[in-house]
Amino acid sequence: MARKKIIAGNWKMNMTPSEAVELVNTLKPLVATDEADVVFCVPAIDIIPAMEAAKGTNIEIGAENMYFEEKGAFTGEISPNMLTDAGVKYVIIGHSERREYFAETDETVNKKVLKAFEHNLTPIICCGESLTQREQGITIDWIRQQIKIAFLNVTAAQAATAVVAYEPIWAIGTGKTATTEQAQEVCKAIRECIGEIYDEATAEAIRIQYGGSVNAATAPELFSQPDIDGGLVGGAALKPDFGKIVNYK
Ligand code: PEP
């Protein structure tokens, strides 16, 4: 069965609650489609108002992060139950900005992935290499290691429902999109790695996004690649252009 595309916006630390409502209202007619799953991953404080504004549309509201404990003395963190109770189904895990600025590691990513599945949340699991790693020719090895650790103790049935976002760090927020060939090569390698960990059926089912300066001009070619099942979009997800990305065909 063909995989349904999934196009997710990562709003990062942008939009106050009232701005979030305005943005959802602006974008909702532009992203209306049955052909792809459309997810807006928004700051925690925007989840409830954005969810209200998106009611009755095809937009799913997701989270940008989550902690791996259930509850307790973890000041400033947000728990999986808080997300599910608010109606959230998707959560970004291990974005490179979380790894760089908030000391997340492959191990904490794995803990969060396991916790997300425990709560029936779909993780959008981020991986990606630095420019130095790409120049050293170790991109595929690095990504395979990130994937293997992220999926430790995850069952095949769970993995089949996961979303992986391949986001070369050098392409995030830089305006430098990976070439279609570079993006397809790594997304294919991720699928093969999932096939080695699990089986062919799981590899065929898992959805793999490309992220890194995707825009309305680059989306059509990127999203038409055999192993690229949509995108994780930062900057362009805050603009009407996101409608063109979602309706890239
Ligand atoms: C991202 O934040 O995941 C991202 C890909 O950002 P941008 O599209 O702005 O590069």
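Above: the structure in question.
The model shown is predicted, which means the values in this text are computed figures rather than measured ones.

**Q** Is there a simple way to explain the overall build of the chain in this structure?
**A** The secondary structure content of the chain amounts to twelve helices and eight strands. Here the C-alpha radius of gyration of the chain, 17 Å, is about what a compact globule of 249 residues would show, namely 18 Å. Each principal axis of the C-alpha atoms in the chain carries an extent, and together these give about 45 × 45 × 35 Å. When burial is assessed residue by residue, the chain has 53% of its 249 residues classed as buried. Per element, the accessible surface of the chain, about 11200 Å² overall, is 54% carbon and sulfur. Looking at charge distribution, the chain has the averaged site of its 23 positive side-chain charges lying 2 Å from that of its 34 negative ones.

**Q** So what exactly am I meant to see when it comes to the packing of helix 5 (residues 106-118) against helix 7 (residues 139-150) here?
**A** Each packed pair of helices is defined by two parameters, the angle between the axes and the distance between the axes. At a minimum axis separation of 8 Å, helix 5 and helix 7 run at an interaxial angle of 40°. By the angle between their directions, the pair helix 5 and helix 7 is classed as oblique. Relative to helix 7, the crossing made by helix 5 is right-handed. Across the interface between the two elements, Asp 106, Glu 107, Val 109, Asn 110 and Val 113 from helix 5 touch Gln 145, Gln 146, Ile 149 and Ala 150 from helix 7.

**Q** Honestly, the pattern of salt bridges in this entry has me stumped. Any pointers?
**A** As a working rule, side chains carrying opposite charge can pair if their charged atoms are close by. Tallied over the full model, the rule gives 19 salt bridges. The residue Lys 4 makes a salt bridge to Asp 37 at a minimum N-O spacing of 3.3 Å. Residue Lys 4 is located in the segment before strand 1 (5-10), and its partner Asp 37 is located in strand 2 (residues 36-42); the two are separated by 33 residues in the primary sequence. We classify Lys 4 as partly exposed; its relative accessible area is 37%. Residue Glu 70 is joined to Lys 115 by a salt bridge in which the shortest nitrogen-to-oxygen separation is 2.7 Å. With Glu 70 in the loop between strand 3 (59-63) and helix 3 (80-85) and Lys 115 in helix 5, the pair connects residues that are 45 residues apart, well separated along the chain. Take Glu 70: its relative accessible area is 28%, and that puts it in the partly exposed class. Because the salt bridges share partners, they merge into one network encompassing Arg 3, Arg 191, Glu 204, Asp 227 and Asp 229.

**Q** I would appreciate a short explanation of the site of the ligand in the present structure.
**A** Around the ligand sit 14 residues, and of these Lys 12, Glu 167, Gly 173, Ser 213 and Gly 234 come closest. Note that an oxygen atom of the ligand is positioned 2.6 Å from one of the backbone N or O atoms of Gly 173. Backbone polar atom of Gly 234 to an oxygen atom of the ligand: 2.8 Å apart, as the coordinates give it. Protein contacts shield 95% of the accessible area of the ligand, which totals 290 Å² for the unbound molecule. Among the residues making up the shell around the ligand, the classes are represented as four nonpolar, eight polar and two charged.

**Q** It is not clear to me how unusual backbone geometry should be interpreted in this structure. Could you clarify?
**A** For residues besides glycine, phi is generally negative; the peptide bonds are generally trans as well. Positive phi, normally seen in glycine, also occurs at Lys 12, with a value near 55°. Topologically, Lys 12 is positioned in the loop between strand 1 and helix 1 (17-27).

**Q** What exactly am I supposed to notice about the packing of helix 7 against helix 9 (residues 180-197) here?
**A** The geometry of helix 7 relative to helix 9 is characterised by a closest axis approach of 10 Å and an angle of 45° between their N-to-C directions. Considering the angle they form, helix 7 stands oblique to helix 9. Here the hand of the crossing between helix 7 and helix 9 comes out right-handed. Counted together, Thr 139, Ile 140, Ile 143, Arg 144, Ile 147 and Lys 148 of helix 7 and Glu 185, Val 186, Ala 189, Ile 190, Cys 193, Ile 194, Glu 196 and Ile 197 of helix 9 form the full contact between these two elements. Looking at the contact of helix 7 with helix 9 residue by residue, the class counts come to nine nonpolar, one polar and four charged.

**Q** Can you walk me through the layout of surface pockets in this structure?
**A** Once rolled over the atoms, a probe with the size of a water molecule shows which space is left empty. The space that makes up the largest pocket amounts to roughly 550 Å³. Around the largest pocket, the lining comprises 19 residues; the ones closest to its centre are Met 13, Glu 64, Asn 65, Arg 98 and Phe 102. Tallying contributions element by element places helix 4 (residues 96-101) first for the lining of the largest pocket, with three residues. Across the lining of the largest pocket, the residue classes tally to ten nonpolar, four polar and five charged. Here the second largest pocket defines a volume of roughly 250 Å³. Every residue lining the second largest pocket is counted, 19 residues in all, and those nearest its centre are Ser 213, Val 214, Gly 234, Gly 235 and Ala 236.

Cut-offs and rules
- Residues numbered from 1 in each chain as written.
- Predicted model: local features only at pLDDT ≥ 70, side-chain atom pairs only at ≥ 80, totals over all residues.
- Heavy atoms only, no water.
- Helix = DSSP H or I, 4+ residues; strand = E, 2+ residues; numbered from the N terminus.
- Rg over C-alpha atoms; globule rule 2.2 N^0.38 Å.
- Buried < 20%, exposed > 50% of the residue type's maximum accessible area, 1.4 Å probe, protein only.
- Areas by Shrake-Rupley, 256 points an atom, 1.4 Å probe, with all protein chains shown as cover.
- Lys, Arg positive; Asp, Glu negative; His and termini not counted.
- Charge placed at Lys NZ, Arg CZ, Asp CG, Glu CD.
- Axes fitted to C-alpha atoms, helices over the stretch in contact; angles between N-to-C directions.
- Parallel < 35°, antiparallel > 145°, perpendicular 65-115°, else oblique.
- Left-handed = near helix turned anticlockwise from the far one by under 90°.
- Contact = heavy atoms within 4.5 Å.
- Salt bridge = Lys/Arg side-chain N within 4 Å of Asp/Glu carboxyl O.
- Near = heavy atom within 4 Å.
- Polar contact = N/O pair within 3.5 Å; in protein donor to acceptor, adjacent residues only side chain to side chain.
- Nonpolar A, V, L, I, M, F, W, Y, C, P; charged D, E, K, R; others polar.
- 1 Å grid on protein atoms, 1.4 Å probe; cavity = no way out; pocket = protein on both sides within 12 Å on 5 of 7 lines; lining within 4 Å.
- Points joined across faces, edges and corners; volume = space filled by probe spheres on them.

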